[in-house]
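Remarks on the overall topology
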Amino acid sequence: MKLKAIINDKTFDIVLGNTFSEEFNETLDSATILISSVEKQVFKPFDLVKILSYEDLDPMKVVDKWFYLDDYIESRLNLNDNLYKYKINLMSQTKIMEKIKLPNVSFTQPLNI
């Protein structure tokens, strides 16, 4: 299986050995990906990230998952070629709703239902 990440309309190959956590309770989905040997990139918190996974034998069988960028660690690999490695932590799309502030509103249900 090959993995690719699309961040800010740029496609990156993902290094094997990534962690994807799908939760079916109150904990939200998360992931950690590694992108290596790329030029310096500018990522911002809450950038939308699309993860594509597909098989070599059947490129039509593509599975995609959407995340938001949480944070990342940048490491310089090669001083001569200016190559970098990024360890990127991703969070569920639901997590972004925690950042939206709503006025104090309460929802009630009538008792006669």
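Throughout what follows, the structure given in this document is the object of discussion. Note that the coordinates shown come from a computational prediction; the quantities given were computed from them, not determined experimentally. (Residues numbered from 1 in each chain as written. Predicted model: local features only at pLDDT ≥ 70, side-chain atom pairs only at ≥ 80, totals over all residues. Heavy atoms only, no water.)

By size, the foremost hydrophobic cluster in this structure holds 18 residues, and its most contacted members are I33, I51, I88 and L90. Elements supplying a minimum of two residues to this core: β1 (2–7), β4 (30–38), β5 (48–54), β6 (62–78) and β7 (83–91). Excluding its chain neighbours within four sequence positions, the residues that come into contact with I88 are I7, A31, T32, I33, I35, F43, L69, D71 and Y72. (Core = buried A, V, L, I, M, F, W, Y, C linked by side-chain atoms within 4.5 Å. Buried < 20%, exposed > 50% of the residue type's maximum accessible area, 1.4 Å probe, protein only. Helix = DSSP H or I, 4+ residues; strand = E, 2+ residues; numbered from the N terminus. Contact = heavy atoms within 4.5 Å.)

Examined against the element boundaries, M91 turns out to sit in strand β7. Judged by its relative accessible area of 8%, M91 falls in the buried class. Along the chain, M91 and S30 lie 61 residues apart, while their C-alpha atoms are 4.5 Å from each other. In contact with M91, other than residues within four places in its own chain, are D29, F46, F67, Y68, L69 and D70.

Attention shifts here to the pattern of salt bridges. Two side chains of opposite charge can pair, provided their charged atoms sit close to one another. Applying the stated rule across the entire model yields four salt bridges. Between E74 and K40 there is a salt bridge, and its shortest N-O distance comes to 2.9 Å. One end of the pair, E74, is in strand β6; the other, K40, is in the loop between β4 and β5, and 34 residues separate them in sequence. Take E74: its relative accessible area is 33%, and that puts it in the partly exposed class. Note that D64 and K50 form a salt bridge whose closest N and O atoms lie 3.6 Å from each other. One end of the pair, D64, is in strand β6; the other, K50, is in strand β5, and 14 residues separate them in sequence. (Salt bridge = Lys/Arg side-chain N within 4 Å of Asp/Glu carboxyl O.)

Let's shift gears to the sheet that holds β6. As a general point, the strands of a sheet are linked pairwise by backbone hydrogen bonds and lie either parallel or antiparallel. Spatial strand order, β2-β1-β5-β6-β7-β4-β3: seven strands in an open sheet with antiparallel pairing. Of all the strands in the sheet, just β2 (10–13) and β3 (19–21) have a single pairing partner and so form its edges. On average, each strand axis in the sheet is tilted by 35 degrees relative to the strand beside it, whichever way the strands run. As paired elements, β5 and β6 share seven bridges and run antiparallel to each other. Within the sheet, the bridge partner assigned to K50 lies in β6 and is W66. (Pairing = 2+ DSSP bridges. Axes fitted to C-alpha atoms, helices over the stretch in contact; angles between N-to-C directions.)

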